[in-house]
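# A structural walkthrough
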There are 2 protein chains.
Amino acid sequence: MFLLHHLDHTLKKVKGQIANALTILNLGLGAFAIMFILQNELRLGLLFITIAALTDRLDGAAARRFNSTSEFGKQLDSLSDIISFGVAPAFLLYQAVLFLFGLPGMLLTIFFIACGAIRLARFNISENPGFFIGLPITAAGCILTFHMLLVPFIPAPFFMFVPLILGICMISSFKVNKM
Amino acid sequence: MFLLHHLDHTLKKVKGQIANALTILNLGLGAFAIMFILQNELRLGLLFITIAALTDRLDGAAARRFNSTSEFGKQLDSLSDIISFGVAPAFLLYQAVLFLFGLPGMLLTIFFIACGAIRLARFNISENPGFFIGLPITAAGCILTFHMLLVPFIPAPFFMFVPLILGICMISSFKVNKM
């Protein structure tokens, strides 16, 4: 009886930590992506950001499934998101094409990350209204990432507008329905 | 009279945003540092992380001086800190020496960033107790950064322990007095 109770307690604790473990995995995948970008392995960078996006969907689902949503989990999720869908995609496009433009390319990279941080900070202090306000950073990061595949086919100056427009979409206040 | 009132209102608004502007500057300096690390300009990376650390002291001081501390500012500060004192220092030491160790070097880099995120998430949900619990990420990031200067003088395996120990210090629960 004691053993069963103890097992039940441990199981509950493990379930409570599954969502946070998935969030840390998301952060790790984003950091791996940056490491591959450092080594100029841009396609591996793209792959790891994509897997991070899939993991990001899982952690929220796991938290709801095991009824273990927490304020700590929400904070950790935002800190992981700024790495995997802010820093990693911005530097991926910088290494792929924006570096060609010198300082303006650098400033656009920073603009995208800063807008992502403002979006996440605003999201963290808002009540859950059932819809998103502004483009979520996961979506913006994935759209930016996949633009890398267009680099060989489209003139380079086009890519200056991508982080600019996505950044503005993140901090603007239109509503996006949750999927 | 109306003009004076309007001016006073605008001035209050500007003062309220000074701290947040400094926080965004901190984030930008951290992102610049990562860009220099990408270009293997490690000393410039070190310089920008150091300036970011000075800016980080200023934003808190400005928020208190202008009586404009806010939950949004606190969230934005953490998101900037994970970039400037988590991601940037970790990749600086990775590019300087840890890349020599392959996968273990990568995992230690990620370990440092993950501990920083856990430290910040925990800090964000805690009440202000007048002291820090665990080593603050700004201190850990600066200590990690300055280890880069020791790379020519100390055998490489020593640097495997630095992100490990600093990471553990961030998530441990000893008390550090605020300065």
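Residues numbered from 1 in each chain as written. Chains lettered and ligands numbered in written order. Predicted model: local features only at pLDDT ≥ 70, side-chain atom pairs only at ≥ 80, totals over all residues. Heavy atoms only, no water.

Counted by the stated rule, this structure contains eight aromatic pairs over all chains. With 6.3 Å between their ring centres and 20° between their planes, A:Phe32 and A:Phe36 make a pair best called stacked. Of the two residues, A:Phe32 and A:Phe36 both sit in helix α1 (residues 2-38), four residues apart, roughly one turn of that helix. For A:Phe32, a relative accessible area of 15% translates into the label buried. Look at A:Phe158 and A:Phe159: their rings are 5.1 Å apart centre to centre, the planes differ by 80°, and that puts the pair in the edge-to-face class. By relative accessible area, A:Phe159 is classed as buried at 0%. One aromatic cluster in this structure is built from A:Phe32, A:Phe36 and A:Phe48. A cation over a ring is seen here: B:Lys74 above B:Phe123, with NZ or CZ 5.8 Å from the ring centre. (Phe/Tyr/Trp six-rings, centres within 6.5 Å; stacked < 30°, edge-to-face > 60°. Helix = DSSP H or I, 4+ residues; strand = E, 2+ residues; numbered from the N terminus. Buried < 20%, exposed > 50% of the residue type's maximum accessible area, 1.4 Å probe, protein only. Lys NZ or Arg CZ within 6 Å of the ring centre and 35° of its normal.)

It is worth spelling out the UniProt feature "transmembrane region" (unreviewed entry) in chain A at this point. All names here are of chain A. Here, the residues flagged by UniProt with the feature "transmembrane region" (unreviewed entry) are residues 21-38, 92-118, 130-150 and 156-174. For residues 21-38, the helix share is 100%, the strand share is 0%, and the end-to-end C-alpha distance is 26 Å. Split by type, residues 156-174 is 58% helix and 0% strand. Its first and last C-alpha atoms lie 29 Å apart. (UniProt positions renumbered as here; feature names shortened; annotations may be inferred.)

When two helices pack together, their arrangement is given by the angle between the helix axes and by the axis-to-axis distance. Residue and element names in this part refer to chain B. For the pair helix α4 (residues 103-125) and helix α5 (residues 137-146), the least separation of the axes is 10 Å and the interaxial angle reads 160°. Here α4 lies roughly antiparallel to α5, going by the angle between them. Of the two possible hands of crossing, α4 and α5 adopt the one that is left-handed. Mapping the contact onto sequence places Phe-112, Gly-116 and Leu-120 in α4 and Ile-137, Ala-140, Gly-141 and Leu-144 in α5. The residue inventory of the contact of α4 with α5, partitioned by class, reads five nonpolar, two polar and no charged. (Axes fitted to C-alpha atoms, helices over the stretch in contact; angles between N-to-C directions. Parallel < 35°, antiparallel > 145°, perpendicular 65-115°, else oblique. Left-handed = near helix turned anticlockwise from the far one by under 90°. Contact = heavy atoms within 4.5 Å. Nonpolar A, V, L, I, M, F, W, Y, C, P; charged D, E, K, R; others polar.)

Least-squares fitting of chain B to chain A yields an RMSD of 0.0 Å, with the transformation described by 0.0 Å of translation along the axis and a rotation of 180°. Both copies of the chain, as the preceding transformation shows, are related through a two-fold rotation axis. Considering only C-alpha atoms, the residue of chain B closest to the rotation axis is B:Leu38, which sits at 2.7 Å. Most of the interface of chain B is mirrored in chain A: 100% of its interface residues are interface residues there too. (Least-squares fit on C-alpha atoms with pLDDT ≥ 70 in both.)

Mapped onto the elements of the fold, B:Ser84 is located in helix α3 (residues 71-96). Setting aside anything within four residues of it in sequence, one finds B:Ser84 in contact with B:Asn26, B:Leu27, B:Gly30, B:Ile49, B:Ala52 and B:Pro89.

The next point concerns unusual backbone geometry. Positive phi values are uncommon outside glycine, yet A:Asn40 reaches one of about 65°. With respect to the helices, strands and loops of the structure, A:Asn40 is situated in the loop between α1 and α2 (42-65).

Attention shifts here to the interface of chain B and chain A. Taken together, the 37 residues of chain B in the interface contact 37 residues of chain A. Three residues, B:Met35, B:Leu38 and B:Leu79, lead the burial of chain B against chain A; their summed loss comes to 20% of the area buried on that side. Across the contact surface, chain B and chain A share zero salt bridges. Of all the elements in the fold, those that place two or more residues in the side of chain B that touches chain A are α1 (2-38), α3 and α4 of chain B. If you tally residues by element for the side of chain B that touches chain A, the top one is α4(B), at 14 residues. Class assignment of the residues belonging to the side of chain B that touches chain A gives a composition of 28 nonpolar, seven polar and two charged. (Buried area = accessible area lost by both parts, 1.4 Å probe. Salt bridge = Lys/Arg side-chain N within 4 Å of Asp/Glu carboxyl O.)

Right, let's get into a nonpolar patch on the surface. All names here are of chain A. A contiguous nonpolar surface patch, about 370 Å² in accessible area, is contributed by Phe-161, Leu-164, Ile-165 and Ile-168. One can find Ile-165 in helix α6 (residues 161-171). By relative accessible area, Ile-165 is classed as partly exposed at 49%. (Patch = residues over 30% accessible without salt bridge, like charges linked within 9 Å, V, L, I, M, F, W, Y side chains within 5 Å. Areas by Shrake-Rupley, 256 points an atom, 1.4 Å probe, with all protein chains shown as cover.)

By the secondary structure assignment, B:Leu150 is in the loop between α5 and α6 (158-171). As for B:Leu150 and B:Ala88, which are separated by 62 residues in sequence, their C-alpha atoms are 18 Å apart.

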